[in-house]
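Residue-level listing of the chains:
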Amino acid sequence: MIARSSILASHHEIQPVVKGRANISFIGSRSFLLEAPGEFDLPAQRFIWALSQTVSAWADVAEVIPGMTNLLTIFKETPADPDAVVGRLLDAWDNAASIDLSGKTIEIPVHYGGEYATDLAALCDFSGLSDREVVRIHHEATYRVFALGSAPGFGYLHGLDGRIYMPRKTVPSIKMEKGCVTIGGMQTGVAMLTGPNGWNSIGYADLKMFDPTLATPALLAPGDTVRFVPARVEL
């Protein structure tokens, strides 16, 4: 079940918060990665969303890729003066106003437990919670899509309750199924591909998250709100 807003609203400015000095790294000769200081949180991501809109309008930029509290800027040509580019990016960061993105709301039906919840018992041991408590805490939260990446259509979601944080595996699962609902560190998501995966699976979502035949292939987009809805609980 997917609930979409009838209108995808444009961004609106919110009350600014204090932001620190960003860090910039060189990624090859044409790409620059700006990393926001501070915590992995919504205020930092709102500055990244604003910066993305600003930098996208630069004539010499080929592509911008917003990440989790970071932004990769790829220029059309290798800059003659990389230090000047760093200065431009830092100035843009310093002047970026905090914005929010009003996207759609998506409900993802989940079969919690069962054969695909291969790591639920380990998460219970780690958290000290029962399997029912873990499931309840996971589905009662509201999540925001910070960025897409890692695999086509995969959404990096913010909003996981700290009580069910679970470190990524030191040895990944060799073949985790596409559709597994997973927790990795302070994030949760839905596996987009079948294959090696270091996140912890607690259930399964039989929902097509990416369709390359569509004009907009990815179901999720930055700014969207996600709710996980228990379609079945097998514990």
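### Some remarks on the packing of aromatic side chains
Applying the stated criterion across every chain, the model contains nine aromatic pairs. On the basis of an interplanar angle of 85° and a centroid distance of 5.6 Å, the ring pair of Phe154 and Trp199 is categorised as edge-to-face. Within this pair, whereas Phe154 is found in the loop between strand 8 (143–148) and strand 9 (155–158), its partner Trp199 is found in the loop between strand 13 (195–197) and strand 14 (200–204), the two being separated by 45 residues in sequence. Side by side, Phe154 and Trp199 carry an identical accessibility label, which is buried.

### Concerning unusual backbone geometry
Keep in mind that most residues, glycine aside, have a negative phi and that most peptide bonds are trans. A positive phi angle, near 50°, is found at Thr69, a position not held by glycine. Mapped onto the elements, Thr69 comes out in the loop between strand 4 (61–67) and strand 5 (70–75). Looking at Thr69, the relative accessible area reads 13%, which means it is buried.

### Focus: the sheet that holds strand 5
Strands sit in the order 2-3-5-4 across an open sheet of four strands; the sheet is antiparallel. Each edge of the open sheet carries a strand with a single partner, namely strand 2 (23–27) and strand 4. Each strand of the sheet is rotated relative to its neighbour by a mean of 20°, with strand direction disregarded. Bridging between strand 3 (residues 31–35) and strand 5 involves five bridges; their strand directions are antiparallel. Within strand 5, the position partnered with Glu35 by the bridge is Asn70. The sheet contacts of helix 1 (residues 42–56) involve strand 3, strand 4 and strand 5, and relative to strand 4 the element is tilted by about 170°. Contacts from helix 2 (residues 82–95) reach strand 2, strand 3 and strand 5, with the element oriented near 35° to strand 3.

### A look at the pairing of strand 8
The buried fraction of strand 8 amounts to five of the six residues, a majority that puts the element mostly inside the structure. One ladder, built from two bridges, connects strand 8 with strand 15 (residues 225–234); its direction is antiparallel. Residue Arg144 lies in a different strand from strand 15, and its bridge partner there is Thr225. The sheet contact formed by strand 8 and strand 9 spans four bridges and is antiparallel. Its bridge partner being in strand 9, Arg144 is matched across the sheet by His158. Connecting strand 8 to the next strand, strand 9, in antiparallel fashion are six residues, including Ser150 with a positive phi near 75°.

### Re the confidence of the model for the protein chain
On average, the protein chain scores 90 in pLDDT, and the residues at 70 or more come to 92%. Note on residues 1–16: pLDDT under 50 across the span, and 37 contacts to partners over four residues away in sequence or across chains.

### Considerations on the nonpolar core
Core analysis: the largest hydrophobic core is formed by 34 residues, its most contacted members being Ile108, Ile164, Val226 and Phe228. Elements supplying a minimum of two residues to this core: strand 7 (105–113), helix 3 (120–127), helix 4 (131–140), strand 8, strand 9, strand 11 (180–184) and strand 15. When residues in this core are grouped by element, the largest group, four residues, is from strand 7. Setting aside chain neighbours within four positions, we find Phe228 in contact with Ile108, Val110, Tyr112, His138, His139, Tyr143, Leu157, Val181, Thr188 and Val190.

### Re the packing of helix 1 against helix 2
Viewed as axis vectors pointing N to C, helix 1 and helix 2 meet at an angle of 130°, and their least axial separation amounts to 9 Å. Between helix 1 and helix 2, the interaxial angle falls into the category oblique. In the crossing of helix 1 with helix 2, the sense of the turn from one axis to the other is right-handed. For the pair helix 1 and helix 2, the contacting residues are Phe47, Ile48, Leu51, Thr54 and Val55 in the first and Leu89, Ala92 and Trp93 in the second.

### Here we look at empty space enclosed by the protein
If you walk through the whole model with that rule in mind, you get one cavity of 30 Å³ or more. When its volume is computed, the largest cavity comes out at roughly 30 Å³. Mapped onto the lining of the largest cavity, the elements with two or more residues apiece are strand 9 and strand 12 (187–190).

### Some thoughts on the layout of surface pockets
The volume enclosed by the largest pocket comes to roughly 260 Å³. Taken together, 15 residues make up the lining of the largest pocket; nearest its centre are Ser150, Ala151, Phe154, Pro196 and Asn197. No other element matches strand 13, which puts three residues into the lining of the largest pocket. In the lining of the largest pocket, the residues fall into eight nonpolar, six polar and one charged. Reported here for the second largest pocket is a volume of approximately 220 Å³. Trp49, Ser52, Gln53, Glu63, Val64, Ile65, Pro66, Leu101 and Pro222 are the residues that line the second largest pocket. Of all the elements in the fold, those that place two or more residues in the lining of the second largest pocket are helix 1 and strand 4. With four residues, strand 4 is the single largest residue contributor to the lining of the second largest pocket. Its residues placed into classes, the lining of the second largest pocket shows six nonpolar, two polar and one charged.

Rules used throughout
Residues numbered from 1 in each chain as written. Predicted model: local features only at pLDDT ≥ 70, side-chain atom pairs only at ≥ 80, totals over all residues. Heavy atoms only, no water. Phe/Tyr/Trp six-rings, centres within 6.5 Å; stacked < 30°, edge-to-face > 60°. Helix = DSSP H or I, 4+ residues; strand = E, 2+ residues; numbered from the N terminus. Buried < 20%, exposed > 50% of the residue type's maximum accessible area, 1.4 Å probe, protein only. Pairing = 2+ DSSP bridges. Axes fitted to C-alpha atoms, helices over the stretch in contact; angles between N-to-C directions. Contact = heavy atoms within 4.5 Å. pLDDT = per-residue confidence, 0-100. Core = buried A, V, L, I, M, F, W, Y, C linked by side-chain atoms within 4.5 Å. Parallel < 35°, antiparallel > 145°, perpendicular 65-115°, else oblique. Left-handed = near helix turned anticlockwise from the far one by under 90°. 1 Å grid on protein atoms, 1.4 Å probe; cavity = no way out; pocket = protein on both sides within 12 Å on 5 of 7 lines; lining within 4 Å. Points joined across faces, edges and corners; volume = space filled by probe spheres on them. Nonpolar A, V, L, I, M, F, W, Y, C, P; charged D, E, K, R; others polar.

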